[in-house]
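Take a look at the letters that make up each chain.
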Amino acid sequence: MNAQLQRSLGRLERWNIDEQGMLCITTDAHVRITAYSATIIRVRVALCTGGQPQWDNHSFAVVAAPQPGIQLDVAEQNDALVLRTKALTVLVQKNPVRMKFFSAQGHLLNEDEPAFGTAWIGDEITTYKRLLPGERFIGLGEKGGLDKRGRGFTNWNTDAFGYGAGTDPLYGTTPFYIGLHSTSGNNLVYGIFLDNSYKSHFNFGASNQRFSAFTVEGGEMNYYFIHRPTVGEIVQDYTLLTGRMELPPLWALGYHQCRYSYFPDTEVLSVARTFREKNIPADVLWLDIHYMDNYKVFTWHPERFPHPTNLLGALDAMGFRTVAITDPGIKIEAGYEAYDDGVKNDVFVKYPDGTYHTSEVWPGWCHFPDFTKESVRRWWGDKLKPLIQDGIDGFWTDMNEPATWGNRFPDMVEFDCDGHRATHKKAHNVYGMQMARATYEGARRHYGSMYPGGGKRPFTLTRAFYSGVQRYAAVWTGDNTASDEHILLGAQLVANLGLTGIPFAGVDIGGFNGNGSRELFARWMSVGAFTPFFRTHAAIYTKEQEPWSFGEDVEEICKQYIELRYKLLPYLYSTVYEATQTGLPIARSLALFYPFDDMIYDRVAEAQYMFGAALMVAPVPSTKDLAKVYLPEGEWYDMHNDRKYTGKQTIIVETPLERLPLFVKAGHMLVMQSVIQSTKQKPNDTLYIHLYAGKTGSTFVYYEDDGETYLYQQGDYYKRAFIYNPQMQTFRCTKADGKRLSHFRNVRLIFHGFGTMPSHITAAGRKVALERYSTPLLKPSSGYDPLGVQHRTASEAPTYSAAIEFPAEEILVKW
């Protein structure tokens, strides 16, 4: 290869070690290898300019520091250096410098491509990895498809209106992927997180059979190599680095109704009243840009919304929360408070000559705050205070790629980057994340001052993002299209986001762009009920997309699935709590559980996902009355009729509009409550635990708090484990943990698929009686029997239940 065209790491000239790793000095570069933990190794490569490496020691993504006291061994061989932890071995070849990563058992996990390694073409730096036999690649967040092998991707946050299944890039950047391969009968997994916010490119064997590669167009090569035994544990390590979501307010898990735009205020009130009149549960109404005065952020339109406090008070009285949109562009207009104050405080980004950059967006010509600067983030957060005082409950950060008319934000524009000044090339991909951060921090600060004694949890939604955004906001997948393709694509994108540390994500249900059919809306609403962030949204000049917009039959389907969502809130909130503790997603790719099952990568199954640990969702097009569903290893119960299936097979199921394929994993449980109209309403005092018989057991950690404040951080919560052990033939509830008393005073255990009735049920030492149970999880409509109560065959096990007081002491069931 012509060295003038490409330079790669040359010969190792010298090296030294410290307690965290080692520094390797080559002919032209420095390579720093740091053990962050026994399972996480950081690799940094920087060219030497004037004899010194140009390290970039700032990250918006990583919040973890290297763990102290890691058992680390470094040894020298004739042709290599070897660094070992308890879980990983890194072999650094001396000439030329190349790296190999091994498991503790000596299995090769990943290695540099021998000829290329890490190399430069101009300012671009690329690390090339040898493609291993049968290797698959998953992750990268907002990218379509599950297996990325044979494809290439770019990370450059883009306003991608009306995108398709193959569109890349989209709105966000999460440069983290997981590699999977097998050797000598051993299934091996590893993760690589490329923490560099410049435009980046990933090649997983696209247009070649030799290597995978990741490239950045500026800065240093900076990646973290992670090895744990399972995909889930790798996601946990990745979120240890980049942080985990905080508990959102409970209402954020309810149903959200949005449109571009509901105006004037009388229309907003009409939509709210219609939900309540029709007894369709809903928690949130959203205000798009038409609530503003000529699209100027932090304002109210004087004619459309003349009395915002009265409006928001009326919505609150009906049990609704309100979320308002904010865009980053500040209109250049003397007398506009945000503009005048922004100039006074010098918050806007500038050209190198010191003049403000201007671009055109909704309000006209605008300046843009530098969200990469702490003082500007605080300035923005303080601008939210009047909206919060008016009664706004949450904020929606949009157009923050940043998007401008022309979509050519000049690269020379300068940003602070927390004191590490840089151009737009570095700041672009983190701009949206930092706007979300400014919004979250400001809202939390002001909600805290207005609601002393525990504060009020903020809710923030963002379109553009970078790794670590889960600390500040939920994410939605932008301006999708009303089509069956997008039902399936949206499910893939949300599950892929979960694999990259973003558990709280969703899509525009019904499709933002275009007019969909009544069948499409019905089907999408059923899938949406099992999406972490559950919001309908549509563009201006499209059909209305409320649950009642497509006729009574579609309304009934929508209502039933929304009601099921609200019944599942105890299960969902507990799963969200788990995400805050472990980083595991809410909508879980099947690759999290079955990464070496080839069928999950097939077109039949790649849109399927687990909603929590127990429930598998199989999105299908609205045009299909019959569909194929793949059931992975194990046993599965059709949630509609309790029919049990053996896994590792593809089945054909009926899929009329009212029947979304849903399957409960044997040995697991669904925890439910009664229907409520919003989370401001309390359910009845009975908690329902649906337990499904299986050969393998499970543990479900039930979690409850006030759903609103931060008092849970002071121990004001209620938590206990529900444990099913089929080998011991027992089910038990452990003693409760936390200072809080449960809202629920009774629990009803419902036993699905058990061939024999429990012989012994005790609660706090007292025996409990058993009875037959036939209440469906989904109410039959139009003669359809979604739980098969009317048509269950004699060979299928009857369902039994037991009503129990919900004591703090242990509950025990024996067979």
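Treat the numbers as computed from the prediction; the structure is a model and nothing was measured.

Parameters and conventions
Residues numbered from 1 in each chain as written. Predicted model: local features only at pLDDT ≥ 70, side-chain atom pairs only at ≥ 80, totals over all residues. Heavy atoms only, no water. Helix = DSSP H or I, 4+ residues; strand = E, 2+ residues; numbered from the N terminus. Buried < 20%, exposed > 50% of the residue type's maximum accessible area, 1.4 Å probe, protein only. Phe/Tyr/Trp six-rings, centres within 6.5 Å; stacked < 30°, edge-to-face > 60°. Pairing = 2+ DSSP bridges. Polar contact = N/O pair within 3.5 Å; in protein donor to acceptor, adjacent residues only side chain to side chain. Contact = heavy atoms within 4.5 Å. Core = buried A, V, L, I, M, F, W, Y, C linked by side-chain atoms within 4.5 Å. Axes fitted to C-alpha atoms, helices over the stretch in contact; angles between N-to-C directions. Parallel < 35°, antiparallel > 145°, perpendicular 65-115°, else oblique. Left-handed = near helix turned anticlockwise from the far one by under 90°. Nonpolar A, V, L, I, M, F, W, Y, C, P; charged D, E, K, R; others polar.

Q: How would you summarise unusual backbone geometry if you had to cite specific residues and measurements?
A: Look at the link from Asn-95 to Pro-96: it is a cis peptide, with omega at -5 degrees. Geometrically, the link from Tyr-260 to Ser-261 is a cis peptide bond, its omega value of 0 degrees lying close to zero. Mapping Ser-261 onto the fold places it in the loop between strand 22 (255-257) and helix 2 (265-278). Of note, Asp-642 is a non-glycine position whose phi angle comes to about 65 degrees, a positive value. Phi is positive for Gln-729, close to 55 degrees, though the residue is something other than glycine. With respect to the helices, strands and loops of the structure, Gln-729 is situated in the loop between strand 47 (718-725) and strand 48 (730-733). Overall, Gln-729 belongs to the partly exposed group, its relative accessible area being 43%.

Q: Quick one: what's the story with the packing of aromatic side chains, residue by residue and with numbers?
A: Here the structure, examined in full by the defined rule, presents 65 aromatic pairs. Taking the centre distance of 6.3 Å and the plane angle of 85 degrees together, the rings of Phe-161 and Phe-512 count as edge-to-face. Placement of Phe-161 in the loop between strand 15 (152-155) and strand 16 (172-173) and of Phe-512 in the loop between strand 34 (505-509) and helix 9 (518-528) is noted, with a sequence separation of 351 residues between them. Summarising the aromatic geometry, the rings of Phe-751 and Phe-754 are spaced 5.8 Å apart at their centres and angled 85 degrees between planes, so their arrangement reads as edge-to-face. For Phe-751, a relative accessible area of 1% translates into the label buried. Accessibility expressed as a relative area gives 8% for Phe-754, which makes it buried.

Q: For the pairing of strand 9 (residues 88-94), give the residues involved together with the corresponding values.
A: Burial of strand 9 is extensive: five of the seven residues sit out of reach of the surface. In this sheet, strand 10 (residues 97-103) lies alongside strand 9 in antiparallel orientation, the contact comprising seven bridges. Looking at the pairing, Leu-88 lines up with Ser-103 of strand 10. Linking two consecutive strands that pair antiparallel, namely strand 9 and strand 10, is a turn of two residues.

Q: Account for the side chain of Thr-462, with residues named and values stated.
A: Note that Thr-462 resides in strand 31 (residues 460-462). A polar side-chain atom of Thr-462 sits 2.8 Å from the main-chain carbonyl oxygen of Ala-464. Every residue in contact with Thr-462, bar those within four places of it in the chain, is listed here: Thr-397, Asn-400, Gly-432, Ala-436, Val-469, Ala-473, Ala-474, Val-475 and Trp-476.

Q: Could you give an account of the nonpolar core, with specific residues and numbers?
A: Judged by nonpolar contacts, the single largest core of 213 residues is most densely connected at Trp-380, Phe-459, Phe-530, Phe-722, Phe-731 and Phe-751. The element contributing the most residues to this core is helix 7 (residues 424-450), with ten residues. Those residues within four positions of Phe-459 in sequence are excluded, and the remaining contacts are Pro-249, Trp-251, Ala-252, His-256, Trp-286, Val-323, Asp-393, Gly-394, Phe-395, Ala-474, Phe-504 and Phe-533. Within the second largest apolar cluster, 40 residues are counted, among which are Ile-33, Ile-70, Val-90 and Ile-192.

Q: Mind laying out the sheet that holds strand 46 (residues 698-704), listing which residues take part and the relevant values?
A: Strand-to-strand pairing in sheets goes through backbone hydrogen bonds, with the strands running parallel or antiparallel. If you trace the six strands from one edge of the open sheet to the other, you get 46-47-48-54-50-51, paired in antiparallel fashion. The open sheet has two edge strands with one neighbour each: strand 46 and strand 51 (766-767). Across seven bridges, the pairing between strand 46 and strand 47 is antiparallel. Its bridge partner being in strand 47, Val-701 is matched across the sheet by Ala-721. Along the sheet, helix 11 (residues 569-582) contacts strand 46 and strand 47; its crossing angle with strand 46, the most-contacted strand, is approximately 95 degrees.

Q: Can you lay out the side chain of His-357 for me, pointing to particular residues and giving the numbers?
A: Structurally, His-357 is set in the loop between helix 4 (337-345) and strand 26 (359-361). Reaching out from His-357, the side chain makes a polar contact with the side chain of Ser-359 at a distance of 2.7 Å. Not counting residues up to four positions away in its chain, the partners in contact with His-357 are Val-349, Lys-350, Tyr-351, Cys-366, His-367, Phe-368, Phe-409, Pro-410 and Val-413.

Q: Go over the sheet that holds strand 36 (residues 587-589), please, and point to the residues and values.
A: Spatially, 36-37-38-43-40-41 is the arrangement adopted by the six strands of the open sheet, whose pairing is antiparallel. On the outer flanks of this sheet lie strand 36 and strand 41 (644-646), each paired with one strand and no other. Looking at each pair of strands side by side, their axes are set apart by 35 degrees on average, direction ignored. Sheet topology note: the strand 36/strand 37 (residues 609-611) ladder contains three bridges and is antiparallel. Within strand 37, the position partnered with Ser-589 by the bridge is Tyr-609.

Q: Quick rundown of the packing of helix 5 (residues 374-383) against helix 7? Include the residues and the values.
A: In contact at an axis separation of 8 Å, helix 5 and helix 7 are set at 55 degrees when each is read in the N-to-C sense. As summarised for this structure, helix 5 and helix 7 are arranged oblique, according to the angle between their axes. Here helix 5 and helix 7 pass one another in a crossing that is right-handed. Contact with helix 5, carried on its side by Arg-377, Arg-378, Trp-380, Gly-381 and Asp-382, involves Gln-434, Met-435, Arg-437, Ala-438, Thr-439, Glu-441, Gly-442, Arg-445 and His-446 of helix 7 and no other residues of that element. Split into classes, the residues belonging to the contact of helix 5 with helix 7 amount to three nonpolar, five polar and six charged.

Q: Mind laying out the environment of Val-62, listing which residues take part and the relevant values?
A: Among the structural elements, Val-62 can be located in the loop between strand 6 (52-53) and strand 7 (73-76). In this structure, the C-alpha to C-alpha distance between Val-62 and Gly-243, residues 181 residues apart in sequence, is 7.4 Å. Val-62 has contacts with Phe-193, Asp-195, Tyr-224 and Leu-241, leaving out every residue within four places of it along the chain.

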